[in-house]
Structure formats: C-alpha cells, structure tokens
Amino acid sequence: MKLVRNDVNIVRVKTKQEMKDFIHVTDDIYCNCPQYVPDWEQDLIDFFVPEKNPGLDFSDVQAFVAYRDEIAVGRIVGIINHRANERWQSKNVRFSMIEFIDDPIVSKALIEAVEKWGKEKGMDTLQGPMGISDFDKEGMLIEDFDLEGSMNTYYNPEYYPKHMEQLGMEKETDWLQIRINIPQEVPAKYARVAQYAREQIGLRVVKKTAHDILNGYGREMFSLLNEAYKPIFGYSKLSGKQVDEFLKKYISLIDLKLLPVILNDKDEMVGLAVTMGSLNKALQKSKGKMWPFGWWHLLKSLKWKKEDHAEMLLIAVRPDYQGLGVNALFFDDLIPIYNKCGFTWAETGPQLENNMRELTQWKPLKPLFVKRRRCYTKKIEE
C-alpha cells in the first residue's frame, strides 16, 4: 500500500529491498557526522522478526520508508504495545527509529503515516520516539548535538525537534544523561555510606558468572528490574521470553566485573547495576556491519584496547531498599575497577528529568547533565 504526500511516497516495508532501504536511510543523513554512532544492522533486522524479538508477542509494529524519485529519504516505525497501553490505560501508537532529510514534507508524511496506521487500529494518541520496551532506544535529542552519541541512545540532527514542533507535537517528558569524570579515589561520602550498608544493614556486593546468569540469575535480575521500574513512565513488564533474548544477545558484550549485584543478609537480590565499556568507536569503524571486519573492531574494544569511558546503562534497586546505601555500594565497587580499566569518564543512560532521587545521588561526583532528549505526544485527529 502506498500513501502519496506531494512528491513523497510512503511505503509500508514488506520486501527485502524495502528493508535494505529502511536500514540505509541513515547513510546520507549522517555521512559527515562524527557524533553519530550507528546501530548494528542485524539488530534492526531482528527487531521485526518474531523469533528474535519476543516483544512482538504483545505488540504490533509496522515500518515505513519515504521515497522521493525512488530514493529513500526517510523512515519511521509505528508500534502499538498492547501491554503498555493496558498498564497505563491508554491508546497510544508509538513512533520509533525516525530518520528524515531536512524537508518538512518528508517528516510530515512519515508522522501522518503512523497516525493513520494507529488510527486504523483504534489508537487516539501518537507518542515517541519510544520502542517496545525501556531497553529500546527512546527520546529525541534536543540539546548537545556536538556531543558523541552512544550505542544505547538515539543521536539525531538539530533540525529533527524543530520538525516535530512544526507538526504540532508537544512535550510529554524529557530524559537527561549524566556525565562524570572518574575520580582516583571513592568519594568519602560514598565510602562512608557503603561501609554503613555493609556493617549495619548486611548488604554486600557479588559478581555473577555468565553460567550463573544464563542459568537462573538472569531471570532474577530482570525480575528486579520489572519491580523497580514498574512505576516509571511508559514501562511495561518484560516477559520471560524477552529476558532470555536479552541475555542471549548481550551477555557476551558485558565484562561481568562491571556488573555488581547487591544481596541482603537473606541472599536476596536487592540491587543491580549494568555497566560496560563503550563500544562507540567499534561501531563507528564497522559502520554497523559485523562483516567483513566489524567483528574485529568489536573484539578489540571488548578485549584488548578498551575505549576511554564506561556506559552506565542502568541501576535498579528494590523499592524497599531505596535510600539504604545500595547506590553507594555500586560506586564503592565500580570506581576502583573503572580506574583499572583505564576509563577516565562515564555516562549514564537516559534518566527521567523528574526522578530527583536518581539525579541527586550523583552530586558527590560533580556531574554534568547532558543530552536532554524528549518524548513527544500528539492527539490523533478524528
């Protein structure tokens, strides 16, 4: 089915060639952009494959490509996460993976394609950029376009949010990222609180092996994530199949000494931090392709020539243990390890701007709040 908007054709992706065009829309948009970090091409393909993406068990997705003169000039994905809509009592169609040249005809056609698709399925509100789960990329960058992106977040040109505003999109929420310089010593406040948590509350840091994680502990980790993240904006509970797929795909990329787990005196998991060395340079050099030489750049970054910073992907603390020193234990454990790895700075994943408990915990490390990104929303016209 084709939808025509002036001189732009919007095509619902069905063929291999259309998927290839969908993937490579970014080639021209970012060809001279040193900040851009590409996705692995295979990850983009797998997103639409039910055997590779268990989120499709409860979500509808549709990819679109915008063509002008048979050249791909934009793309977008429509997502209806039925589980999230049920959880939040909403009728949202999400948009994701949006890319477009600096032409308002193209961006308008893409957004309208998802609105029309969502309306056909009974949705009344457009929301995004958001994925199926919180572990997909989300939020459109609206500041700090001069800073390098990362493998777990969107980077986009400065004109993208301007197009969204012109299309009547409004802010629903913003995320911030936190950038810190790694100190040579653990700040005294963290060390003091960590000691209290160990001695008075009975908490301790442990490290699990890949065997442990793939044979039970991985499910327990994600159970903790589901519990800790339940009240967070847009979150929908991860299924067992999603957990297993995440573990299979990513456990080999994480140095497990950078993944501290906090247990209480009953050996219950009450905290988890997932961090890893950056793979930005590997992705940039490989251009998102594993073959013929992408695997080599990836292997170098993972095993031998680590990049200069760490990605602090997420922290989860069981609700009844929040404020009891769990985060201090993470810092007390990770800062010496980061120094041994040669990391000079670190950056978190996106944090909701109204999550003050999360944002204020970084104060002893003199944080910079960077890369504000936005989730937009718009009512779909009747």
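Provided above is the structure to which this section pertains.
The notes below deal with the structure included here. Positions within a chain are numbered from 1, following the residues in the order the chain's sequence is written. Totals for whole chains, interfaces and linings use every residue, but because this is a predicted model, local features are given only for residues with pLDDT of at least 70 and side-chain atom pairs only at 80 or more, for both listing and counting. Working from all heavy atoms in the structure, the side-chain values ignore hydrogens and water.

Looking at the pairing of strand E3 (residues 59-68)
What counts here: Burial classification: accessible surface area is computed with a 1.4 Å probe over protein chains only, and a residue below 20% of its type maximum counts as buried, one above 50% as exposed, and the rest as partly exposed. Only DSSP runs of H or I covering at least 4 residues are called helices, and only runs of E covering at least 2 are called strands; the numbering of each starts at the N terminus. Strands pair, by our definition, only if DSSP identifies at least two bridges between them.
Judged by how many residues are buried, E3 sits mostly within the fold: eight of ten residues are covered. Sheet topology places strand E2 (residues 8-12) next to E3; four bridges connect them, and they run antiparallel. Across the sheet, the residue bridging to Ile 10 is Ala 66, located in E3. What sits between the antiparallel neighbours E3 and strand E4 (residues 71-81) is a turn of two residues, in which Asp 69 has the positive phi angle 55°.

Focus: the packing of aromatic side chains
So the rule is basically this: The pairing test for Phe, Tyr and Trp rings, Trp by its six-membered ring, is centres within 6.5 Å, and the orientation test on the planes gives stacked under 30 degrees, edge-to-face over 60, and tilted for anything in between. For a ring to carry a charge above it, either NZ of a lysine or CZ of an arginine must fall within 6 Å of the ring centroid while also lying within 35 degrees of the normal to the ring plane.
Scanning all chains against the criterion turns up 15 aromatic pairs. With a centroid separation of 5.8 Å and 70° between ring planes, the pair formed by Tyr 338 and Phe 343 is classed as edge-to-face. Its relative accessible area of 2% is what places Tyr 338 among the buried residues. Ring pairs connect the aromatic residues Phe 22, Phe 47 and Phe 48, which therefore count as one cluster. Positioned over the ring face of Phe 58 is Arg 83, at 3.9 Å from the centre of the ring. Cation over ring: Arg 87 sits above Trp 88, and NZ or CZ is 4.2 Å from the ring centre.

What about the environment of Gly 74?
Under the convention used in this document: Throughout, a residue-residue contact means that at least one pair of heavy atoms, one from each residue, lies within 4.5 Å.
Within the secondary structure, Gly 74 is located in strand E4. Put simply, Gly 74 and Ile 29 are 45 residues apart on the chain and 9.3 Å apart in space, counted from C-alpha to C-alpha. If near-sequence neighbours (up to four positions away) are discounted, Gly 74 is found in contact with Val 25, Phe 64, Val 65, Ala 66, Glu 99, Phe 100, Val 106 and Leu 110.

Focus: the nonpolar core
Formally: Only buried Ala, Val, Leu, Ile, Met, Phe, Trp, Tyr and Cys residues count toward a nonpolar core, and they belong to the same one when joined by side-chain atoms within 4.5 Å.
Membership of the largest hydrophobic core comes to 37 residues, with the highest contact counts inside it found for Phe 95 and Met 164. Of all the elements in the fold, those that place two or more residues in this core are E2, helix H1 (16-29), E3, E4, strand E5 (92-100), helix H4 (104-120), strand E7 (140-141) and helix H5 (159-166). Residues in contact with Met 164, not counting those within four places in the same chain, are Phe 95, Ile 98, Phe 100, Ile 111, Met 140, Met 169 and Tyr 376. Grouped together as the second largest cluster of nonpolar side chains are 32 residues, Val 270, Met 312, Ile 337 and Ala 346 included.

Points about H1
Note: α-helices contain 3.6 residues per turn, so residues at a spacing of three or four share the same orientation. Cut-off, in case you're wondering: What the bend at a residue measures is the angle between two axes, fitted to the seven residues ending there and to the seven starting there.
Ile 23 marks where H1 bends most, by close to 35°. Check the buried side of H1 and you find it contacts E2, helix H2 (41-46), E3, E4, E5 and H5.

Considerations on empty space enclosed by the protein
Any empty space left between the atoms is revealed when a probe the size of a water molecule rolls over them. The criterion, for reference: Of the two site types, the cavity is a set of points on a 1 Å grid over the protein atoms alone where a 1.4 Å probe fits but cannot get out, and the pocket is an open set with protein on both sides within 12 Å along at least five of seven lines, each lined by residues with an atom within 4 Å of a point. Grid points are joined across faces, edges and corners, and a volume is the space filled by probe spheres set on the points. In this classification, Asp, Glu, Lys and Arg are treated as charged, Ala, Val, Leu, Ile, Met, Phe, Trp, Tyr, Cys and Pro as nonpolar, and every other residue, Gly included, as polar.
Under the criterion given, the structure shown has four cavities of 30 Å³ or more. By volume, the largest cavity amounts to about 100 Å³. Lining the largest cavity are 15 residues, and of these Met 312, Phe 331, Leu 334, Tyr 338 and Trp 362 lie nearest its centre. Elements with a minimum of two residues in the lining of the largest cavity: strand E11 (269-277), strand E12 (309-317) and helix H11 (326-341). Tallied by class, the residues present in the lining of the largest cavity amount to 14 nonpolar, one polar and no charged. A volume near 70 Å³ is recorded for the second largest cavity. Residue lining of the second largest cavity: Tyr 30, Met 97, Ile 98, Glu 99, Pro 129, Gly 139, Met 140, Tyr 154, Tyr 155, Asn 156 and Tyr 160, and that is the complete set. Top element by residues in the lining of the second largest cavity is E5. It accounts for three residues.

Read these as geometric descriptors, not functional statements.
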